[in-house]
Amino acid sequence: EYMGKAGQYPLFIVGWCAIKSLGLIEALNLNSRSVRNFLLAAQTNHKASNIYHNSTHVADVTRTTYYLISSTGLRKFLKPIEIFAAILAAIVHDLDHPGVDNSFLIKSKHPKASLYNELSINENYSLCLAFQLLSQPSLNILSSLSPKNIAYVRYCMIQIVLTTDNSKHHEKLGEFKAMQINGFCPENDEHRILVLETIVHCADVCNQAKPHESSLKWTNLVQNEFWEQGDKERELGFPIHRFFDRNSGDLAFALCQLSFIEFLVQPLFSAFQLFLQDQCPDFDCQPIEKCIDSNKKYWMDLVVFHQKILVPNSKK
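Given the structure is predicted, the values throughout are model-derived calculations rather than measurements. (Residues numbered from 1 in each chain as written. Predicted model: local features only at pLDDT ≥ 70, side-chain atom pairs only at ≥ 80, totals over all residues. Heavy atoms only, no water.)

J.: I'd like to hear about the overall build of the protein, residue by residue, with values.
T.: Helix and strand counts for the protein come out as 15 helices and 0 strands. For the protein, whose C-alpha radius of gyration is 20 Å, the value lies close to the compact-globule estimate of 20 Å for 316 residues. Taking all 316 residues of the protein together, 51% fall into the buried category. Of all intrachain contacts in the protein linking residues separated by at least 6 positions in sequence, the fraction that spans at least 24 positions is 75%. The positive charge centre, built from 30 side chains, and the negative charge centre, built from 32, are 2 Å apart in the protein. (Helix = DSSP H or I, 4+ residues; strand = E, 2+ residues; numbered from the N terminus. Rg over C-alpha atoms; globule rule 2.2 N^0.38 Å. Buried < 20%, exposed > 50% of the residue type's maximum accessible area, 1.4 Å probe, protein only. Contact = heavy atoms within 4.5 Å. Lys, Arg positive; Asp, Glu negative; His and termini not counted. Charge placed at Lys NZ, Arg CZ, Asp CG, Glu CD.)

J.: So what's going on with the packing of helix α6 (residues 80-92) against helix α12 (residues 189-204)? Residues and values would help.
T.: Each pair of packed helices can be described by the angle between their axes along with the distance between the axes. In contact at an axis separation of 10 Å, α6 and α12 are set at 30° when each is read in the N-to-C sense. The orientation of α6 with respect to α12, classified from their angle, is roughly parallel. Note that α6 runs across α12; the crossing there is right-handed. Side by side, α6 and α12 meet where Glu-82, Ala-86 and Ala-90 of the first sit next to Arg-192, Leu-196 and Val-200 of the second. For the contact of α6 with α12, a count of residues per class yields 4 nonpolar, no polar and 2 charged. (Axes fitted to C-alpha atoms, helices over the stretch in contact; angles between N-to-C directions. Parallel < 35°, antiparallel > 145°, perpendicular 65-115°, else oblique. Left-handed = near helix turned anticlockwise from the far one by under 90°. Nonpolar A, V, L, I, M, F, W, Y, C, P; charged D, E, K, R; others polar.)

J.: Describe helix α4 (residues 32-44), and please don't skip the residues or the numbers.
T.: If you check α4, its first and last C-alpha atoms are 19 Å apart, about what 13 residues at 1.5 Å a residue would give, namely 18 Å. Considered for burial, the residues of α4 that qualify are Ser-34, Val-35, Phe-38, Leu-39, Ala-41, Ala-42 and Gln-43. Buried-residue contacts for α4 involve α2 (10-21), α5 (55-70), α6 and α9 (121-134). Of the residues that open α4, the one with a side-chain oxygen 2.9 Å from the backbone nitrogen of Arg-33 is Asn-31. (Expected span 1.5 Å × (residues − 1). Polar contact = N/O pair within 3.5 Å; in protein donor to acceptor, adjacent residues only side chain to side chain.)

J.: Could you give me a rundown of empty space enclosed by the protein, with the residues and numbers involved?
T.: The final tally for this structure, using the stated rule, is 2 cavities of 30 Å³ or more. The volume enclosed by the largest cavity comes to roughly 50 Å³. Forming the walls of the largest cavity are Thr-163, Lys-172, Leu-173, Phe-176, Leu-194, Glu-197, Thr-198, His-201 and Leu-268. Of all the secondary structure elements, the ones that give two or more residues to the lining of the largest cavity are α11 (169-182) and α12. Among the elements that take part in the lining of the largest cavity, α12 stands out by supplying 4 residues, more than any other. Here the residues of the lining of the largest cavity are counted per class, giving 4 nonpolar, 3 polar and 2 charged. What the second largest cavity holds in volume is close to 30 Å³. (1 Å grid on protein atoms, 1.4 Å probe; cavity = no way out; pocket = protein on both sides within 12 Å on 5 of 7 lines; lining within 4 Å. Points joined across faces, edges and corners; volume = space filled by probe spheres on them.)

J.: Describe the layout of surface pockets, and please don't skip the residues or the numbers.
T.: In this structure, the largest pocket spans a volume of roughly 1,100 Å³. As for the largest pocket, its lining consists of 42 residues, of which Asp-101, Asn-166, Phe-226, Phe-244 and Phe-260 are closest to the centre. For the lining of the largest pocket, the secondary structure elements donating two or more residues are α7 (102-107), α9, α11, α13 (212-236) and α14 (250-279). For the lining of the largest pocket, the leading source of residues is α14, giving 6 residues.

J.: Give a detailed account of the environment of Tyr-155, specifying residues and quantitative values.
T.: For Tyr-155, the position within the fold is in helix α10 (residues 147-163). A sequence separation of 38 residues divides Tyr-155 from Ile-193, and the C-alpha atoms of the two residues are 9.5 Å apart. Excluding residues within four positions of it along the chain, Tyr-155 makes contact with Glu-190 and Ile-193.

J.: Summarise the pattern of salt bridges; cite the residues concerned and give the values.
T.: Enumeration over the complete set of coordinates arrives at 12 salt bridges. Here Arg-192 and Asp-189 are joined by a salt bridge, their closest N and O atoms 2.5 Å apart. A residue pair is termed a helical-turn pair when its members lie 3 or 4 positions apart in one helix, as Arg-192 and Asp-189 do in helix α12 at 3 residues. Residue Arg-192 is classed as buried on the basis of its relative accessible area, which comes to 3%. Bridged by salt links that share partners, the residues Asp-231, Arg-234, Asp-245 and Arg-246 form one connected network. (Salt bridge = Lys/Arg side-chain N within 4 Å of Asp/Glu carboxyl O.)

J.: Lay out unusual backbone geometry with the relevant residues and their values.
T.: For residues other than glycine, phi is negative in most cases, and the peptide bonds are mostly trans. With a phi angle near 55°, Asp-96 is a residue other than glycine that sits in the positive phi range. Summarising the element assignment, Asp-96 is placed in the loop between α6 and α7. Judged by its relative accessible area of 17%, Asp-96 is buried. A positive phi angle, close to 40°, is found at Ser-120, a residue other than glycine.

Written as structure tokens, this is what we have:
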């Protein structure tokens with residue numbers, strides 16, 4: 001869909017439209033040419049050979065980040081510099097992603113695993129590459145900002161991108177819920193950054209929050225990339241998680257999606273929706289909630305169906 005509408009440059013187009021539509025070029029006195037140069041560099045530094053973690057996925061995350069900032073009403077709490085940092089974080093969060101997860105890099109003793117002490121390897125590498133790009137004069141879209149604001153953008157970007165490491169999901173969700181319980185304070189910088197972290201995290205895992213037809217397309221892409229990783233693990237003699245093993249069958253495929261919804265997507269979006277109901281009551285969360293419920297039912301029904309095939313006398 002993105003490739004059809006944005007040609008071969010989906011991230012460039014979506015990134016530019018988001019930055020322009022949010023009025024960030026004027027608000028922050030950004031150099032338009034540098035912005036375009038940086039977006040083109042970001043576009044070309046994503047592996048087109050990746051089935052899922054490519055510039056099209058990142059364009060979708062960037063568009064969803066834009067939507068959750070601009071359409072919910074949360075923008076009223078955020079400074080332009082923070083919105084800019086969130087859009088940048090979305091754009092670079094999977095920069096030069098290798099198409100395998102952090103656990104594979106650790107098992108294969110990849111040099112990046114040692115470099116980043118086996119902590120959020122892909123995320124730290126993407127941030128490192130992003131800042132290397134920004135250090136080039138022709139790509140430095142931060143050049144018009146004060147040193148204080150440059151440091152703040154970098155800090156926000158680091159916090160947001162590291163939150164996209166799903167191994168941190170429960171920790172960050174706990175922090176977000178605690179903030180809600182204790183009371184969101186719009187004047188508190190860390191509270192606003194936590195909101196931005198949650199926005200981009202939601203955008204990154206939102207496939208099961210989309211209408212079913214669209215959700216299924218994205219799901220098939222990410223699952224095929226998982227299977228490719230499983231194939232590599234088989235070749236190297238590594239143990240393969242059944243969700244990454246293409247030989248595990250349709251039941252494992254359905255269980256993978258159902259588990260992802262139940263343990264990650266639904267808890268995350270439920271907490272975010274509660275926050276929106278408190279802070280932005282005019283925003284209608286029901287369409288998102290209905291999509292998640294509908295997709296969950298679809299995968300649950302498939303699990304039951306395949307369980308009955310495997311165990312004909314099963315009552316479930």
